[in-house]
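Listed below, chain by chain, are the residues.
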Amino acid sequence: MAKPTDLVQGTLDLLILKTVSLEPKHGWAIAKRIQQISGEVLQVQQGSLYPALHRLEQKAWIKAKWKETETGRQAKFYSLTVAGRAQLDKEAANWNRLSAAISVVVQTT
Amino acid sequence: MMWARRFWLRLQTLFLRNRNTQRLDDEIQFHLDQQMAENLSTGMSPKEARSAAMRTFGNPTFLKEETRDTWGWAWLEQIVGDVRYGVRMLCKNPGFTAVAVLTLALGIGANTAIFSLINALGLRPLPVQKPEELVLIMPANERNGDWGFSYPLYEAVRDENRTLAGVFVNAGGPMNVSVDGQAELAPNGGEYVSGSYFSTLGVEAVAGRTFTPGEDRVPGQNPVAVISYGYWRRRFALSPSAIGETIYLNGVPFTIIGVTSPRFFGISVGRSPDITVPMTMYPLLNSGSAELSNAGSWWLETVARLRPGVSAEQATADLSAIFEHYLEARGLQRLRTEGLRMKLRPGAWGLSPREKLAPFAITILTLVGLVLLIACTNVTNLLLARGAARQKEIALRLSIGAGRGRLMRQLITESFLLALLGGGAGFLFASWGTQGLVKLMPDEVGLDLSPDSRVFLFAAGITVLAGVLFGLAPAFRATRMSLVQGLQGGVRQGQTQSSPNRLRNGLVVSQVMLSTVLLFAAGLLTHSLQELLSADLGFRPEHVLVLSVDPTLIGYHGPRLVNLYKDLLQHARAVPGVMSVSLSHNGLVTRATWGDIVSVPGYTPGPGKITESRFSPVSSDFFRTVGLPIVLGRDFRDGDNETASKVAIVSETFARQFFGEQNGVQKALGQAIGLGVDQNLGQFQIVGVAKDSKQRNIDEPPSRVVYFPFLQADLPPSSMSHMTMEVRTASEPAAMTNAIRQELLAVEKNLPIYGVKTLTQQVEESLTEQRMFTWLVSLFGLLALLLASVGLYGVIAYSTVRRTGEIGIRVALGADRRDVLTMVLSEALRLTAIGVVIGLALAVATGRIFSSALYGVSTADPLTILGASVLMFVAAGLAGYLPARRAMRVDPMVALRYE
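Scoring rules and cut-offs
Residues numbered from 1 in each chain as written. Chains lettered and ligands numbered in written order. Predicted model: local features only at pLDDT ≥ 70, side-chain atom pairs only at ≥ 80, totals over all residues. Helix = DSSP H or I, 4+ residues; strand = E, 2+ residues; numbered from the N terminus. Rg over C-alpha atoms; globule rule 2.2 N^0.38 Å. Buried ≥ 20, exposed ≤ 12 C-beta atoms within 10 Å, placed from the backbone. Contact = placed C-beta atoms within 7 Å. Domains from an automatic or database assignment. Nonpolar A, V, L, I, M, F, W, Y, C, P; charged D, E, K, R; others polar. Core = buried A, V, L, I, M, F, W, Y, C linked by C-beta atoms within 7 Å. Pairing = 2+ DSSP bridges. pLDDT = per-residue confidence, 0-100. Axes fitted to C-alpha atoms, helices over the stretch in contact; angles between N-to-C directions. Left-handed = near helix turned anticlockwise from the far one by under 90°.

Undergrad: Residue-level account of the overall build of chain B, with values.
TA: When helices and strands are tallied, chain B shows 30 helices and 24 strands. Since a compact globule built from 899 residues should have a radius of gyration of about 29 Å, the 38 Å found for chain B marks it as more spread out than a globular shape. Considering only C-alpha atoms, chain B reaches an extent of 135 × 85 × 55 Å along its principal axes. Every one of the 899 residues in chain B was classed for burial, and the buried ones make up 40%. For chain B, contacts bridging at least 24 residues in sequence account for 83% of all contacts bridging at least 6.

Undergrad: Got a sec to walk through the overall build of chain A? Specific residues and values, please.
TA: A tally of helices and strands in chain A yields four helices and three strands. Counting helices and strands in the order they occur from the N terminus, chain A gives α-β-α-α-β-β-α. Across the 109 residues that make up chain A, the buried fraction comes to 32%.

Undergrad: Go over the environment of B:Gly433, please, and point to the residues and values.
TA: Residue and element names in this part refer to chain B. With respect to the helices and strands, the residue Gly-433 is situated in helix H15 (residues 404-440). A tally of 21 C-beta atoms within 10 Å means that Gly-433 is categorised as buried. As a C-alpha pair, Gly-433 and Gly-109 span 324 residues in sequence and 7.7 Å in three-dimensional space. Residues within four places of Gly-433 in sequence aside, it is in contact with Gly-109, Ala-110 and Ala-113.

Undergrad: I'd like to hear about the domain arrangement of chain B, residue by residue, with values.
TA: Residues and elements named next belong to chain B. Taken as a whole, chain B is organised into domain 1 (2-72), domain 2 (131-348) and domain 3 (551-751). Taking only C-alpha atoms into account, the centre of domain 2 sits 34 Å from that of domain 3. At the junction of the two partners, domain 2 supplies six residues and domain 3 supplies six residues. Here the residues of the side of domain 2 that touches domain 3 sort into two nonpolar, four polar and no charged.

Undergrad: Talk me through helix H3 (residues 49-58) of chain A; I want residue IDs and the actual numbers.
TA: Counted residue by residue, H3(A) has eight buried out of ten residues, so it is predominantly covered. A:Leu49, A:Tyr50, A:Ala52, A:Leu53, A:His54, A:Arg55, A:Leu56 and A:Glu57 are the residues of H3(A) that are buried. The secondary structure elements touched by the buried residues of H3(A) are helix H1 (11-22), helix H2 (27-37), strand E2 (62-68) and strand E3 (74-80) of chain A together with helix H2 (17-41) and helix H4 (60-70) of chain B. Looking at the residues trailing H3(A), positive phi occurs at A:Ala60, about 65 degrees.

Undergrad: Tell me what's going on with the nonpolar core, and back it up with residues and numbers.
TA: Residues and elements named next belong to chain B. Ranked by size, the top nonpolar core spans 95 residues in total, and within it Leu-104, Val-371, Leu-518, Phe-780, Ala-784 and Leu-792 carry the most contacts. The dominant element in this core, judged by the number of residues it contributes, is helix H18 (residues 498-533), at 16 residues. Setting aside residues up to four positions removed in sequence, Leu-792 forms contacts with Val-508, Ala-828, Leu-831, Ala-876, Ala-879 and Gly-880. Among the nonpolar cores identified, the runner-up in size contains 59 residues, and Ala-242, Ile-257, Ile-275 and Ala-315 belong to it.

Undergrad: Tell me about the interface of chain B and chain A, and name the residues and values.
TA: Accessible area lost on assembly of the parts is the figure often given for the size of an interface. Contacts between the two partners involve 20 residues from chain B, matched on the other side by 17 residues from chain A. Among the secondary structure elements, those contributing two or more residues to the side of chain B that touches chain A are helix H1 (2-15), H2, helix H3 (46-57) and H4 of chain B. Tallying contributions element by element places H2(B) first for the side of chain B that touches chain A, with six residues.

Undergrad: With reference to specific residues and values, describe the sheet that holds E3(A).
TA: Within a beta sheet, neighbouring strands are joined by backbone hydrogen bonds and run either parallel or antiparallel to one another. All names here are of chain A. Strands sit in the order E1-E3-E2 across an open sheet of three strands; the sheet is antiparallel. Among the strands making up the open sheet, the edge pair consists of strand E1 (25-26) and E2. As paired elements, E2 and E3 share seven bridges and run antiparallel to each other. Bridging from a neighbouring strand, Ala-64 pairs with Tyr-78 of E3.

Undergrad: Any chance you could break down the confidence of the model for chain B for me, citing the residues and the numbers?
TA: All names here are of chain B. Model confidence for chain B is summarised by a mean pLDDT of 85, while 95% of its residues fall at 70 or above. Of all helices and strands in chain B, the one with the weakest mean pLDDT is helix H23 (residues 717-720) (63), whereas strand E8 (residues 224-227) scores best (94). Counted against residues more than four places away or in other chains, residues 490-498, with its pLDDT under 50, gives 17 contacts.

Undergrad: Give me the pairing of strand E5 (residues 182-185) of chain B: which residues, what numbers.
TA: All names here are of chain B. Where strand E4 (residues 176-179) lies against E5, four bridges are found, and the strand directions are antiparallel. For Asn-176, the partnering residue across the bridge sits in E5 and is Leu-185. Between E4 and E5, which pair antiparallel one after the other, the connecting turn spans two residues, and Asp-180 there sits at a positive phi close to 50 degrees.

Undergrad: Please provide a residue-by-residue account of the packing of helix H6 (residues 94-123) of chain B against helix H16 (residues 453-478) of chain B, values included.
TA: How two helices pack is summed up by the angle between their axes together with the distance between the axes. Residues and elements named next belong to chain B. Across the interface, H6 lies against H16 with an axial gap of 9 Å and an inter-helix angle of 145 degrees. For the element pair H6 and H16, the recorded crossing hand is right-handed. On the side of H6, the interface is formed by Leu-104, Ile-108, Asn-111, Thr-112, Phe-115, Ser-116, Asn-119 and Leu-123, while H16 contributes Arg-454, Val-455, Phe-458, Ala-459, Ile-462, Thr-463 and Ala-466. Its residues assigned to classes, the contact of H6 with H16 comprises nine nonpolar, five polar and one charged.

Undergrad: How would you summarise the environment of B:Ser584 if you had to cite specific residues and measurements?
TA: All names here are of chain B. Locating Ser-584 in the fold gives a position in strand E15 (residues 578-584). Linking Ser-584 and Gly-781, residues 197 residues apart in sequence, is a C-alpha distance of 42 Å. Sequence-distant contacts of Ser-584, that is, excluding residues within four places in its chain, are made with Ser-616, Val-618, Phe-622, Met-723, Thr-724 and Glu-726.

Undergrad: Give a description of the pairing of E3(A) that names residues and reports values.
TA: Residue and element names in this part refer to chain A. With two bridges connecting them, E1 and E3 associate as antiparallel partners. Paired with Lys-25 across the two strands is Tyr-78, which belongs to E3. As consecutive antiparallel partners, E2 and E3 are separated by five residues, and within that stretch Gly-72 has a phi angle of approximately 90 degrees, a positive value.

Undergrad: Go over unusual backbone geometry with me, naming the residues and quoting the values.
TA: Residues and elements named next belong to chain A. Although it is not a glycine, Ala-60 adopts a positive phi angle of roughly 65 degrees. Tracing the chain through its elements places Ala-60 in the loop between H3 and E2. Judged by C-beta crowding, with 20 C-beta atoms within 10 Å, Ala-60 ranks as buried.

Undergrad: Can you lay out the confidence of the model for chain A for me, pointing to particular residues and giving the numbers?
TA: Detail in the predicted coordinates should be disregarded across regions flagged by low pLDDT. Mean pLDDT for chain A: 83, with 87% of residues reaching 70 or above. Within the model, pLDDT remains below 50 along residues 1-6 of chain A, and this stretch shows three contacts once partners closer than five positions in the same chain are excluded.

Structure below.
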């Protein structure tokens with residue numbers, strides 16, 4: 001089995017912001033969602049999500065709230081703040097520019 | 001707004017740390033449970049589900065820590081942890097901690113106490129409003145240096161300046177104070193100030209009020225006095241009723257209107273006047289003196305406050321213009337051609353002679369700094385010894401992954417804890433120390449030694465410095481080791497690791513060296529003090545009582561004054577038990593001398609030079625009373641009075657310098673010399689030559705002195721104002737004090753009498769400064785000796801313990817106890833010998849900076865060299881003997897089994 005692609009530092013932030021932009025999610029759900037959507041290509045080591053989540057929370061890009069899940073347990077739900085939305089747009093634009101540039105380079109050589 | 005929100009989040013992670021940590025645990029637990037539930041639903045067993053969940057998650061402990069790091073307080077958490085651990089380590093070794101803290105406290109305390117003293121003497125600005133705005137103003141020229149102000153000049157400056165927010169003049173003077181009919185001379189004298197004194201300084205009264213600027217406009221019309229807090233306490237027991245009370249100053253009634261703050265000691269450190277009165281009252285208190293109207297009498301000190309925004313240059317220009325105009329208007333242009341110009345100086349420190357303090361301050365701070373250095377070395381040695389004991393712990397921590405930097409931070413934190421404790425205790429020591437210093441000083445010297453922020457910063461600064469100094473090397477060394485050896489149980493007994501020993505031995509040698517330097521300095525000063533005490537004074541102070549009188553304070557002047565002096569002499573001579581009595585203007589070793597110009601026939605001074613001599617007006621019997629031998633010729637007689645021809649007696653040095661080195665003494669006899677500028681005191685015939693004697697103080701070289709009967713010179717009024725009476729008694733002079741005082745008061749019941757003491761006392765008091773300096777340096781020397789001995793003891797004791805096995809083998813092989821003793825002691829003495837030799841070399845080489853403070857002792861004084869070495873060796877012997885005794889008792893069986 002090939003080693004899952006390591007996430008570039010900063011890319012994880014983008015993925016988290018994108019993932020919580022639709023609706024509030026708790027940590028496990030975020031990890032699952034990233035795995036699902038990327039078709040299991042992006043294998044995040046689940047635990048490493050938490051330092052990133054807390055860092056983003058400290059930057060006030062996401063905010064957290066303790067709520068009950070459907071199974072009735074208390075969980076910490078993360079959602080995007082207004083500042084986080086702006087950050088997401090900025091980082092997504094950056095990413096698109098970068099990946100486009102890289103694919104052009106890869107195809108022409 | 002973002003920063004505010006982020007800041008708020010930050011604060012939450014700091015203050016709700018425990019709750020946040022708990023919540024992080026919950027959050028991660030929830031995650032793991034979710035994953036496990038999912039794993040279970042795919043058909044795994046509970047155990048498999050659990051380990052699979054853990055695998056996909058990663059190391060929770062590590063990840064939690066990493067998450068907490070994002071909260072941003074990791075550094076604080078680590079410091080708190082280091083401090084907590086450090087406190088625990090210090091508590092676990094109370095003996096070590098106590099010795100280290102005490103050692104540091106002694107070093108830091110001594111330094112802080114000395115700094116407090118220097119701070120009070122010369123660093124602390126006056127306790128007034130905005131002291132930095134104050135300036136001293138004085139006319140000055142190259143040849144004569146600084147002059148004072150005349151009162152009319154002050155008035156001109158006060159009324160015409162456009163750059164000063166306030167200006168005042170002041171002058172000190174003796175004041176005879178009578179409260180409730182009891183008269184005494186104010187111990188610290190009185191102060192005459194212009195009415196703007198307190199308002200310019202911004203000093204307010206703690207009781208009553210201070211002067212108003214208008215209170216000095218009309219001469220003689222404002223009999224009001226402000227007293228110092230110290231005087232209020234001593235004389236009135238802080239009673240509020242003192243305000244409004246009438247006191248008599250030099251016989252003139254005054255009303256006390258206020259008391260100044262306990263922190264205010266006047267504008268000159270050490271002078272601290274008790275009573276302050278308006279300048280315009282000066283003539284009334286000084287026999288109608290005309291000084292206030294004398295345009296050419298430069299006797300006043302002047303201080304001003306610059307207007308806001310005015311530069312010193314602008315003020316100088318403004319004042320110079322006033323000064324030029326003044327000189328012209330008063331016909332004093334001559335002074336302008338002598339280069340007299342107006343000068344401004346910073347006045348934040350008042351009139352204190354700060355420049356004179358610098359050499360003293362540097363010397364004493366250097367010496368006391370050496371004590372701190374020795375203390376630090378001691379603690380370094382202790383830490384090194386403990387580092388060796390903790391090798392196993394540190395090796396363990398290194399091997400399970402603690403970084404060396406992280407460990408060093410831990411060790412340095414411990415050092416700083418020690419330094420902090422030492423600094424705190426040292427600060428306490430210092431406050432006791434300064435109280436001791438005050439007791440050493442002459443009575444009534446007003447010095448505010450209470451610690452201020454400057455003292456606190458100094459103490460904090462040297463504490464941090466000490467922490468770095470003693471903590472770095474042990475931290476480096478402790479964390480640099482071979483892990484395998486460290487884990488195997490550290491350095492085993494008997495197995496010596498040479499390099500730490502070399503370092504520790506080096507440290508002890510440097511301690512011994514520094515102590516030797518200090519002991520040497522103390523020895524030199526002590527020897528010098530002894531030389532001073534046994535110096536040939538010229539006169540014989542035993543059985544002589546001295547006292548001073550000032551009849552001008554109660555209105556005597558002119559012929560009445562002269563007659564009073566004659567009466568006093570006559571009455572004192574009649575007291576039973578009195579052998580002889582004399583009066584002199586200068587007294588003996590009182591620091592008061594009078595220098596003036598003499599004209600000697602056949603002696604022409606070099607171009608631009610003048611012939612000067614000390615002048616000493618005395619009464620008949622002076623030489624007999626003080627026991628100063630006349631080498632040739634005769635003493636003054638009662639017949640040498642106003643009507644007789646004028647006669648003088650000169651010192652041997654005078655005779656030799658003016659009449660020839662070879663036979664000057666013989667040639668001087670019979671010569672006529674002129675005294676004073678243009679011989680204004682008259683022509684005097686030399687009738688005798690007296691032995692050289694000490695005049696101002698004891699460490700001065702022999703000087704030219706001319707003695708003449710005070711009745712025979714047309715002395716200026718100020719030279720007659722006060723006289724010192726010398727009384728030679730048959731028995732103990734102090735016992736005669738009352739009888740003589742009674743007899744003098746019988747002549748004039750209000751006579752101000754002061755400074756009553758034996759001449760021996762007077763001689764000793766003239767050495768107060770030297771004694772204080774010697775005492776301090778000796779104290780530092782002993783402190784250094786003590787610390788170095790403790791350091792030596794520590795090193796020898798440690799190395800003896802490490803050599804227990806070796807000693808056991810030696811004893812087992814037949815060495816007797818004496819051999820063991822010799823072995824251990826010789827190690828101690830070897831280190832001491834190296835230190836003493838280097839220390840003495842250093843001391844003799846640098847001793848020259850001391851030479852100005854020494855009298856009759858060379859900086860390579862063999863006696864001092866011997867004394868310092870012997871003292872150091874005795875202390876080293878003691879420090880080595882204690883561990884040696886323990887080594888002697890080593891039981892070979894126990895020692896070998898220990899191995």
